[in-house]
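Listed below are the residues making up each chain.
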Amino acid sequence: MLSEVVRLRAEIERYSRQIVLPAFGVEAQAKLCGAAVLVVGAGGLGSPAALYLAAAGVGRLGIVDCDAVERSNLHRQVIHSEAAVGGHKALSAAAACRAVNSSIQVEAHCCRLAPGNALELVRGYDAVVDASDNAFTRYLLSDACAVARRPLMSGAALGTDGHLTVYCLGDDGPCHRCLFPEAPRPEACGRCSDAGVLGPVPGIIGTLQAMEAVKVVTGVGRPLSRRLLMLDALQGRMHTVKLRAKMVGCVACSAAATITSASLASYDYAAFTGAQPNDAAPPQLHLLRDAERLSPAALRERLEDGEEAVVVDVRPRNQFDIAHIPGSLSCPYDVGRPDQRGNDSQRVVALLRENGIGCAMDMVGGLQAWAALADPSFPAY
Amino acid sequence: MAARVKIELSGGLEIIFGNAKEYTAQVPSGASGKVTVLDVMLYARDHLLTERPELFMKGNSVRPGILVLVNDVDWELTGELQTEVADGDSVVFISTLHGG
């Protein structure tokens, strides 16, 4: 009994600044302390989302991630420390949350969200945060939340832009499929590793996802259901627009749904999205014949032998500035989404050959392959 | 007939529109005699798009993954391609983001 009094006193002290808020108070804090929230993804969005939920006192916090912490994550995935590089993201994130608040339950799920486990994971919590980084997981998680009737705080960030909305809330709240019934093709989906992302951008969106989760589980405020918040960080502009209601006939969330508790596990998300459940590169192109291509090792040998050759680097100028093969010329082939895996260079070689430059060759695998196979000192980025 | 419309691109779509996020254009009316979002979309494709039209349109509409807003409202609520636009209206094409 005495220990219970001590615990309560400590909780009141910890959450006092929230409890004194007239709009929040004891009642909302008690609801928050009794709520369970699942954060899917412990990356740029999940870092602030999980930390703020833990600090604010959500009773049970689940964190799903199957990746390991990489050095290139640290500029935005602020939940992980340098010491965590190489370790499980879910474990690193859970440890950071426990360090902030030891009075809550934190559950690390070191697995990938998959059709086979999504429903069970989602059903174990009251609300879900989509902090993932790929279309496969976004459709899967939205479907699972539609089937399990769990509100989903969906955030996304890329470059200097961010989006935020709440799916599957109440009677008229749409799901991801209501807005995007057909998945975009993988080449239309920018990835942080190619397009870049400025650290604070997912920080802002992830923090807002935590705010929406707090609102939804406590019933305080007006959640961003049927609204989309758009952030343009470069312009310093944030504005909210009106979205459609749940779509009649939606395959995931309407009365006529074909994606159900029984069928979700066998739904082919890879076929639907044309992508895998990670933010890996789209498959490498094979536009050229083998004779029109050169391995990184063969190119290195020819350069070392002093052979007369012009190495043309077709990546965007800023990527050339990060690192390039000594002596190479920067001639950016600037279309749509850049990549560093030797797809653009094949397009350029095909163009050159069509235009009479028959000696043009492509280096297989681009600069990533060069770094892996020909020059270990070349920085990976 | 024509309408002076603000056309905005976001979510990375600006990359194929000469890296500009905002244009103001005098959009001529289509077959109906009225200016609709369809006319705005076709104008954007023919006059503002600089590369890779397949990342903007599919068939007779925008490609999957693009959300269209007319005066800050989801076009599904306003009449999609047939939504009429007038002087001073804004049409926003947003590519949905998946990064995190």
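The rules we used
Within any chain, residue numbers begin from 1 and follow the written order of that chain's sequence. Here the convention is simple: chains get letters from A, ligands get numbers from 1, in the order in which they are written. Reporting of local features is limited, given that this is a predicted model, to residues whose pLDDT is at least 70; pairs of side-chain atoms are given and counted only at 80 or more, and all residues count toward the totals for whole chains, interfaces and linings. Side-chain calculation: all heavy atoms of the structure are included, whereas hydrogens and water are not. Burial classes: relative accessible area under 20% of the type maximum marks a residue as buried, over 50% as exposed, and values in between as partly exposed (1.4 Å probe, protein chains only). For helices the rule is a DSSP run of H or I covering at least 4 residues; for strands it is a run of E covering at least 2, with both sets numbered from the N terminus onward. Throughout, a contact is declared for two residues whenever any of their heavy atoms are within 4.5 Å. UniProt positions are given in the numbering used here, feature names are shortened, and annotations may be inferred rather than shown by experiment. Segment limits for the domains were obtained from an automatic or database-derived domain assignment. Each cavity reported here is a set of points on a 1 Å grid over the protein atoms alone in which a 1.4 Å probe fits but cannot get out, each pocket an open set with protein on both sides within 12 Å along at least five of seven lines, and each lining residue one with an atom within 4 Å of a point. Grid points are joined across faces, edges and corners, and a volume is the space filled by probe spheres set on the points. When residue character is reported, Ala, Val, Leu, Ile, Met, Phe, Trp, Tyr, Cys and Pro are called nonpolar, Asp, Glu, Lys and Arg charged, and the others, Gly included, polar. In short, DSSP must find at least two bridges between two strands for them to pair. Distance and chemistry together define a polar contact, namely a pair of N or O atoms within 3.5 Å, with one atom able to donate a hydrogen and the other to accept it when in protein, and with adjacent residues in sequence counting only for side-chain atoms on both sides. Sulfur atoms of two cysteines make up a disulfide when they are within 2.5 Å. Salt bridges are counted wherever a side-chain nitrogen of Lys or Arg sits within 4 Å of a carboxyl oxygen of Asp or Glu. Any two rings among Phe, Tyr and Trp, with Trp reduced to its six-membered ring, count as a pair given centres within 6.5 Å; such a pair is stacked if its planes are under 30 degrees apart, edge-to-face if over 60, and tilted if neither. In this scheme, Lys NZ or Arg CZ marks a charge over a ring once it lies within 6 Å of the ring centre and within 35 degrees of the ring normal.

Visitor: Explain helix 15 (residues 366-373) of chain A here, please?
Guide: Since the α-helix packs 3.6 residues into each turn, any two residues three or four apart lie on the same face. Residues of helix 15 of chain A that are buried include every one of Gly-366, Leu-367, Ala-369, Trp-370 and Ala-371 of chain A, and no others. Along its buried surface, helix 15 of chain A packs onto helix 12 (296-304), strand 10 (312-313) and strand 12 (362-363) of chain A.

Visitor: Where do I start with the UniProt feature "modified residue: 1-thioglycine" (unreviewed entry) in chain B in this structure?
Guide: Per the UniProt entry, the sites bearing "modified residue: 1-thioglycine" (unreviewed entry) are Gly-100 of chain B in this numbering. On the secondary structure map, Gly-100 of chain B appears in the segment after strand 7 (90-95).

Visitor: Quick question: what am I supposed to make of the domain arrangement of chain A here?
Guide: A common way to express how large an interface is: the accessible area buried when the components associate. According to the domain assignment, chain A consists of domain 1 (16-273) and domain 2 (290-373). If you average the C-alpha positions of domain 1 of chain A and of domain 2 of chain A, the two centres end up 39 Å apart.

Visitor: Could you clarify how one ought to interpret empty space enclosed by the protein in this entry?
Guide: Rolled over the atoms, a probe with the dimensions of a water molecule shows which regions are left empty. All names here are of chain A. Inspection of the entire model under this criterion finds 2 cavities of 30 Å³ or more. In this structure, the largest cavity occupies an estimated 160 Å³ of space. Breaking the lining of the largest cavity down by element, the ones donating at least two residues are strand 5 (152-158), strand 6 (161-167) and helix 8 (176-179). Of the residues belonging to the lining of the largest cavity, the class tally is 9 nonpolar, 6 polar and 1 charged.

Visitor: What am I meant to see in the pairing of strand 8 (residues 237-242) of chain A here?
Guide: All names here are of chain A. Pairing of strand 7 (residues 227-232) with strand 8 involves 6 bridges; the strand directions are antiparallel. Opposite Met-230, over in strand 8, you have His-239 as the bridge partner. The antiparallel hairpin formed by strand 7 and strand 8 contains 4 residues in its connecting segment, where Gly-236 sits at a positive phi of about 65°.

Visitor: Would you take a moment to explain the side chain of Gln-209 of chain A for this structure?
Guide: Residues and elements named next belong to chain A. In this structure, Gln-209 sits in helix 10 (residues 200-218). A polar contact is formed between the side chain of Gln-209 and the backbone oxygen of Met-153, at a distance of 3.0 Å. Other than its neighbours up to four places away in sequence, Gln-209 contacts Leu-45, Val-129, Asp-130, Ala-131, Met-153, Ser-154, Gly-155 and Leu-164.

Visitor: What is the right way to read the state of the cysteines from this model?
Guide: By definition, a disulfide links the sulfur atoms of two cysteines through a covalent bond. All names here are of chain A. Summed over all chains, the structure comprises 0 disulfides over all chains. Note on Cys-33: no disulfide assigned, nearest cysteine sulfur contributed by Cys-97 at a separation of 15 Å. A disulfide-free cysteine, Cys-253 has its sulfur positioned 3.4 Å from the sulfur of Cys-178, the nearest such atom.

Visitor: Which parts of the structure should I look at to understand the interface of chain A and chain B?
Guide: The interface of chain A with chain B comprises 41 residues on the first partner and 32 residues on the second. Our enumeration of links across chain A and chain B arrives at 5 salt bridges. One salt bridge in this structure joins Glu-182 of chain A and Lys-58 of chain B, with 2.5 Å as the shortest N-O distance. In this assembly, chain A and chain B are joined by 15 residue pairs in polar contact (both at pLDDT 80 or more). For the side of chain A that touches chain B, the element with the highest residue contribution is strand 8 of chain A, accounting for 4 residues. Residue composition of the side of chain A that touches chain B, grouped by class: 19 nonpolar, 9 polar and 13 charged.

Visitor: Quick question: what am I supposed to make of the packing of aromatic side chains here?
Guide: The geometry of an aromatic ring pair is captured by two quantities: the separation of the ring centres and the angle between the planes. All told, the structure shown has 6 aromatic pairs over all chains when counted by the stated rule. Seen from their ring centres, Phe-136 of chain A and Tyr-269 of chain A are 5.8 Å apart, and the 50° between their planes marks the pair as tilted. With Phe-136 of chain A in helix 7 (residues 135-148) and Tyr-269 of chain A in helix 11 (residues 269-273), the pair connects residues that are 133 residues apart, well separated along the chain. Accessibility assignment for this pair places Phe-136 of chain A and Tyr-269 of chain A in one class, buried. Ring geometry for Phe-56 of chain B versus Phe-93 of chain B: centroids 5.2 Å apart, planes at 80°, classification edge-to-face. You can see Phe-56 of chain B sitting in the loop between helix 1 (37-48) and strand 3 (57-58) and its partner Phe-93 of chain B sitting in strand 7, a full 37 residues away along the chain. Overall, Phe-56 of chain B belongs to the buried group, its relative accessible area being 0%. Here Phe-93 of chain B falls in the buried class, since its relative accessible area comes to 0%. Its end group placed over the ring of Tyr-125 of chain A, Arg-60 of chain A keeps NZ or CZ at 4.7 Å from the ring centre. Above the ring of Phe-272 of chain A, the side-chain terminus of Arg-177 of chain A is found at 4.5 Å from the ring centroid.

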